[in-house]
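# Structural characterization, general
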Amino acid sequence: GENVEQHPSTLSVQEGDSAVIKCTYSDSASNYFPWYKQELGKRPQLIIDIRSNVGEKKDQRIAVTLNKTAKHFSLHITETQPEDSAVYFCAANRDAGGTSYGKLTFGQGTILTVHP
Amino acid sequence: GAVVSQHPSRVICKSGTSVKIECRSLDFQATTMFWYRQFPKQSLMLMATSNEGSKATYEQGVEKDKFLINHASLTLSTLTVTSAHPEDSSFYICSARDREDRGYYGYTFGSGTRLTVV
């Protein structure tokens, strides 16, 4: 099955700096890569996603890049703010129907702390 | 947008009892729902895939007789933790898949259930 590795496990930055979180995946057939932000005790919230036919996607301060050849994708947050502090999870999915229909495999998570 | 409701949000039960958790898709029909478990400071681990009108598919290492899943309608899936023990204490969270496959709404998560077994 799919295996997703996420690094770093913790990341501490100063307000205004950029933060980068990286993930690698093992299944070359994976074609959907979402990123989630989870605050303590709450549900994961989708913040951005990318599909395998696209190399980069940006939404205001957040961007995701995908390198299919190397099987890795990254989350970039610019101009970080204290409210960006949370746990971030990457995930991968091979949405090709059958038994892999909709199964998300998550990375281990990154605790991001943005210091004022 | 797609909304998934999960109840209860918190439950405390005695060891040996059973607990039922409900996951409802409020504004779409869900052929498939997913149940995850998240231990403190850990990632989400898929427990099982719930399919409307058929048996659930369990991930390796998940006891199907302990974690009973019922997906009797296109808007409701339930997870019953039977004979709960303290090691079952965790954050359980569901995710529903839109039957119409409109974008990736199916990955919307419920609000989660904090289960504490004492």
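Let us look at the structure shown here. It should be emphasised that the depicted structure is a prediction, and the values quoted were computed from it without experimental measurement. Residue numbers here run from 1 along each chain, matching the order of that chain's written sequence. Chain letters and ligand numbers both follow the written order, the letters beginning at A and the numbers at 1. Only residues with pLDDT of 70 or above have their local features reported here, since the model is predicted, and side-chain atom pairs are shown and tallied only from 80 upward, although totals for entire chains, interfaces and linings are computed over all residues. Values shown for side chains rest on all heavy atoms present in the structure; no hydrogens or waters enter the calculation.

## Regarding the nonpolar core
Short version of the rule: Put simply, a nonpolar core is a bunch of buried Ala, Val, Leu, Ile, Met, Phe, Trp, Tyr and Cys residues held in one set by side-chain atoms that sit within 4.5 Å of each other. When accessible area is computed with a 1.4 Å probe and restricted to protein chains, residues below 20% of their type maximum are described as buried, those above 50% as exposed, and intermediate ones as partly exposed. Secondary structure counts use DSSP, requiring at least four H or I residues in a row for a helix and at least two E residues in a row for a strand, with both numbered from the N terminus. Between two residues, a contact is recorded if the distance between any of their heavy atoms is within 4.5 Å.
Ranked by internal contacts, the top residues of the largest apolar core, which has 26 residues, are W35, Y58, F67, I69, L79, Y92 and L115 of chain B. Put simply, the parts of the chain that give this core at least two residues each are β2 (10-13), β3 (19-25), β4 (30-38), β5 (45-51), β7 (67-73), β8 (76-81), β9 (90-98) and β11 (113-117) of chain B. Leave out the neighbours within four places in its chain, and Y58 of chain B touches M47, A48, K64, F67, L68 and I69 of chain B. Core analysis: the second largest hydrophobic core is formed by 23 residues, A19, V64, L66 and A86 of chain A among them.

## Comments concerning the state of the cysteines
All names here are of chain B. Put simply, the test is: What counts as a disulfide here is a pair of cysteine sulfur atoms lying within 2.5 Å.
On inspection of all chains with the given rule, the structure shows two disulfides over all chains. Here C23 connects covalently by a disulfide to C94, the sulfurs 2.0 Å from one another. On the sign convention where negative is left-handed, the bridge of C23 and C94, at about 80 degrees about the S-S bond, is right-handed. Of the two residues, C23 sits in strand β3 while C94 sits in strand β9, which places them 71 residues apart along the sequence. Judged by its relative accessible area of 0%, C94 is buried.

## Digging into the sheet that holds strand β6 (residues 56-59) of chain A
Residues and elements named next belong to chain A. For the record, the criterion: Only strands that DSSP links by at least two bridges are regarded as paired with each other. In this description, a line fitted to the C-alpha atoms serves as the axis of each element, helices being fitted only across the stretch in contact, and the angle between N-to-C directions of two axes falls anywhere from 0 to 180 degrees.
With antiparallel pairing, five strands are arranged side by side in an open sheet as β1-β3-β8-β7-β6. Either end of the sheet is taken by a strand with one partner, and the two such strands are β1 (4-7) and β6. Neighbouring strand axes in the sheet, compared pairwise and without regard to direction, differ in orientation by 15 degrees on average. Summarising the sheet, strand β7 (residues 62-67) and strand β8 (residues 72-77) pair through six bridges and their orientation is antiparallel. Following the sheet pairing, A63 is matched in β8 by H76.

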